[in-house]
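What follows is each chain in one-letter form.
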Amino acid sequence: SQQGEEDPQALSIQEGENATMNCSYKTSINNLQWYRQNSGRGLVHLILIRSNEREKHSGRLRVTLDTSKKSSSLLITASRAADTASYFCATDKGAAGNKLTFGGGTRVLVKP
Amino acid sequence: DAMVIQNPRYQVTQFGKPVTLSCSQTLNHNVMYWYQQKSSQAPKLLFHYYDKDFNNEADTPDNFQSRRPNTSFCFLDIRSPGLGDAAMYLCATSSGIQETQYFGPGTRLLVL
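All values reported here derive from a predicted model rather than from experimental measurement.

**A look at the overall build of chain A**
Along chain A, the regular secondary structure elements total zero helices and 11 strands. Helices and strands appear in chain A in the N-to-C order β-β-β-β-β-β-β-β-β-β-β. Along the first, second and third principal axes, the C-alpha atoms of chain A reach 45 × 25 × 20 Å. By residue count, 42% of the 112 residues in chain A fall in the buried class.

Below, the structure written as structure tokens:
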């Protein structure tokens with residue numbers, strides 16, 4: 001199975017609500033990254049959180065990392081229709097030189 | 001603006017007819033990646049270049065080849081496309097293996 005796996009696979013919310021998605025991984029990591037992909041487009045980097053960090057913010061996004069549980073969460077506050085997209089976490093495997101592996105993604109639909 | 005450019009955005013080819021997808025970057029990044037992404041799935045890494053060093057993924061079919069003639073350009077060659085190769089092909093760059101990746105808009109390949 002994949003290094004990073006997102007949960008839930010799909011999420012439907014109303015505009016203005018918060019959206020939370022989780023990523024679990026198996027091996028130790030150096031950093032974990034979250035990306036967004038709008039339908040039919042490339043991925044856009046959102047946040048990188050390093051293994052010695054516990055929380056990072058960027059605008060309406062909040063990412064947490066719990067290395068003891070090997071999990072991360074992405075929270076989107078006050079969601080907008082434009083947040084409709086797939087969200088992927090990507091992890092390395094800790095050793096220098098290991099490339100990123102993407103999880104299966106969470107498809108978020110924000111209804112106006 | 002610095003960016004990752006992929007051409008063409010859409011490519012139609014015939015079964016067995018060789019096709020080349022191109023990627024260029026103005027970020028001067030050391031690493032360039034090629035991913036294959038099928039509908040509702042995670043991007044799957046095919047290979048990457050660190051400078052001129054080519055790194056193939058173990059499960060990438062021999063049908064897929066790549067060239068990087070200089071820092072700015074990288075090509076994906078599919079020697080004999082099959083119906084199963086229809087997918088979105090994403091190019092990405094990064095300054096280092098575990099660093100943030102910057103994606104192009106992708107090339108959607110259709111095999112007839």
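**Observations concerning the pairing of strand 8 (residues 73-78) of chain B**
All names here are of chain B. With respect to burial, strand 8 is a largely interior element, five of its six residues being buried. Of the strand pairs in this sheet, strand 3 (residues 19-25) and strand 8 are connected by six bridges, and their pairing is antiparallel. If you follow Cys23 over to strand 8, its bridge partner there is Cys74. The loop that links strand 7 (residues 64-67) with its antiparallel partner strand 8 comprises five residues.

**Focus: the interface of chain B and chain A**
Taken residue by residue, the interface counts 21 residues in chain B and 26 residues in chain A. Contact with chain A buries area across many residues of chain B, yet Gln98(B), Thr100(B) and Phe103(B) alone supply 33% of it, more than any other trio. Viewed at the interface, chain A and chain B are joined by two salt bridges. We note a salt bridge from Glu99(B) to Arg50(A), for which the minimum N-O separation is 3.5 Å. Linking chain B with chain A are nine residue pairs in polar contact (both at pLDDT 80 or more), by the criterion used here. Of all the secondary-structure elements, those providing two or more residues to the side of chain B that touches chain A are strand 4 (31-37), strand 5 (44-50) and strand 9 (87-94) of chain B. Counted by class, the side of chain B that touches chain A contains nine nonpolar, eight polar and four charged residues.

**Some words on the sheet that holds strand 7 (residues 61-66) of chain A**
Residues and elements named next belong to chain A. With antiparallel pairing, five strands are arranged side by side in an open sheet as 1-3-8-7-6. The open sheet has two edge strands with one neighbour each: strand 1 (4-7) and strand 6 (55-58). This sheet shows a mean twist of 15° between the axes of neighbouring strands, independent of strand direction.

**Here we look at the pattern of salt bridges**
Under the criterion given, the structure shown has seven salt bridges over all chains. In this structure, Lys99(A) engages Glu57(B) in a salt bridge whose closest nitrogen and oxygen atoms are separated by 3.4 Å. Taken as a pair, Lys99(A) in the loop between strand 9 (85-91) and strand 10 (101-102) and Glu57(B) in the loop between strand 6 (53-56) and strand 7 lie in two separate chains rather than in one.

**A closer look at the confidence of the model for chain A**
In this model, chain A carries a mean pLDDT of 91, and residues with pLDDT of at least 70 account for 95%. For chain A, the element scoring lowest by mean pLDDT is strand 1 of chain A, at 81; strand 7 of chain A scores highest, at 98.

**Side note on the side chain of Thr100(B)**
With respect to the helices and strands, the residue Thr100(B) is situated in the loop between strand 9 and strand 10 (102-103). Reaching out from Thr100(B), the side chain makes a polar contact with the side chain of His45(A) at a distance of 3.4 Å. Each residue touching Thr100(B), except ones within four places of it in the same chain, is listed here: Gln33(A), Tyr35(A), His45(A), Leu48(A), Thr93(B) and Ser94(B).

**Brief notes about the packing of aromatic side chains**
Considering all chains together, one arrives at 10 aromatic pairs over all chains under this definition. Taking 5.8 Å as the distance between ring centres and 80° as the angle between the ring planes, the aromatic pair formed by Tyr35(A) and Phe103(B) counts as edge-to-face. Within this pair, whereas Tyr35(A) is found in strand 4 (residues 31-37), its partner Phe103(B) is found in strand 10, the two belonging to separate chains. These aromatic residues form a ring-pair network of at least three members: Tyr35(A), Phe102(A), Tyr33(B), Tyr35(B) and Phe103(B).

Conventions we followed
- Residues numbered from 1 in each chain as written.
- Chains lettered and ligands numbered in written order.
- Predicted model: local features only at pLDDT ≥ 70, side-chain atom pairs only at ≥ 80, totals over all residues.
- Heavy atoms only, no water.
- Helix = DSSP H or I, 4+ residues; strand = E, 2+ residues; numbered from the N terminus.
- Buried < 20%, exposed > 50% of the residue type's maximum accessible area, 1.4 Å probe, protein only.
- Pairing = 2+ DSSP bridges.
- Contact = heavy atoms within 4.5 Å.
- Buried area = accessible area lost by both parts, 1.4 Å probe.
- Salt bridge = Lys/Arg side-chain N within 4 Å of Asp/Glu carboxyl O.
- Polar contact = N/O pair within 3.5 Å; in protein donor to acceptor, adjacent residues only side chain to side chain.
- Nonpolar A, V, L, I, M, F, W, Y, C, P; charged D, E, K, R; others polar.
- Axes fitted to C-alpha atoms, helices over the stretch in contact; angles between N-to-C directions.
- pLDDT = per-residue confidence, 0-100.
- Phe/Tyr/Trp six-rings, centres within 6.5 Å; stacked < 30°, edge-to-face > 60°.

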